[in-house]
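# Per-entry structural report
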Amino acid sequence: LFAWAILKFPHVPIGLRKGWLQTLVEEQSHCKLYLQRLHALNGSMETGPPLSSYFWKQLPSIRSAERPEAAFLCAMGLTLEAANLDHTLKFKQAFTDVGDTQTAEILQRVHDEEITHVRQANVWLKRLEGMYHHTEKVNSDVELYEKYVVFPFESHKARGRPMQKSARRKAGLSEEFINAVDNAKRKPTPKP
């Protein structure tokens, strides 16, 4: 998806495209680490459930947004990558509990790199908003996220349980935004 964004949005600042490229490299590294570990444990991608195309199926809603590059930052960085701040540490603890320190170390590495990905989305969403020259002023990080996030991505999906607030602080998210995500409820599904 990050490769798609680099190609789809050539008009965004070069710094953002370079950030997406770095994220792409790190995400490919995560995938490689997961697959190597699966292989080391005698697992196989052929015997498990089929791979999901969920993320790819959401691209039409991102593409049709008024500002699709901002919608992409909200969906990937501030929703999915942010939720992974929680999921990685939850699963790290589960693997630690059963004595699998190698998998736990992989999950810690992924977690640490996700902090950077979330920070990048947060910083660039604010920079892009400043470049859009709107007449109405956005007063908070929560308003900014809500302005650009598209269904089905929303703040209740930007977390797991337990929620790792300290990781979000390291990523530069405001306390207001962290608390809004922590307290978010599922919204009704929009009617077509």
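The structure contained in this document is the topic of the report that follows. (Residues numbered from 1 in each chain as written. Predicted model: local features only at pLDDT ≥ 70, side-chain atom pairs only at ≥ 80, totals over all residues. Heavy atoms only, no water.)

### Things to note about the packing of aromatic side chains
The line we're drawing: Only the six-membered ring of Trp is used, alongside the rings of Phe and Tyr, when aromatic pairs are assigned; centres must lie within 6.5 Å, and planes under 30 degrees apart are stacked while those over 60 apart are edge-to-face, with the rest tilted. Secondary structure is summarised from DSSP: a helix means a run of H or I of at least four residues, a strand means a run of E of at least two, and numbering begins at the N terminus for each. A 1.4 Å probe rolled over the protein chains alone gives each residue an accessible area, and that area as a share of the maximum for its type sets the label: buried under 20%, exposed over 50%, partly exposed in between.
This model, assessed by the stated rule, comprises 8 aromatic pairs. Each ring, one from Phe9 and one from Trp20, has its centre 6.1 Å from the other, and the planes form 50°; the classification is tilted. You can see Phe9 sitting in the loop between α1 (2–8) and α2 (14–40) and its partner Trp20 sitting in helix α2, a full 11 residues away along the chain. An identical accessibility class is assigned to Phe9 and Trp20; each is buried.

### Things to note about the environment of Pro68
Using the following cut-off: Contact criterion: two residues are considered in contact whenever any of their non-hydrogen atoms come within 4.5 Å of each other.
If you trace the backbone, Pro68 turns up in helix α5 (residues 68–97). Note: C-alpha distance between Pro68 and Glu176 (108 residues apart in sequence) is 24 Å. For Pro68, the residues in contact, after removing those within four places along its chain, are Phe9, Ile62 and Arg63.

### Here we look at the pattern of salt bridges
The condition that has to hold: One speaks of a salt bridge when a side-chain nitrogen belonging to Lys or Arg is within 4 Å of a carboxyl oxygen belonging to Asp or Glu.
Here the structure, examined in full by the defined rule, presents 8 salt bridges. In this structure, Glu113 and Arg109 form a salt bridge, with 3.3 Å as the shortest nitrogen-oxygen distance. Taken together, the positions of Glu113 and Arg109, both in helix α6 (residues 101–131) and 4 residues apart, correspond to about one turn of that helix. Salt-bridge contacts for Asp182 lead to Arg161; the nearest nitrogen and oxygen are separated by 2.6 Å. Of this pair, Asp182 sits in helix α9 (residues 175–182) while Arg161 is found in the loop between α7 (141–148) and α8 (165–170), placing the two residues 21 residues apart along the sequence. Linked by salt bridges that have partners in common, Arg161, Lys165 and Asp182 make up one network.

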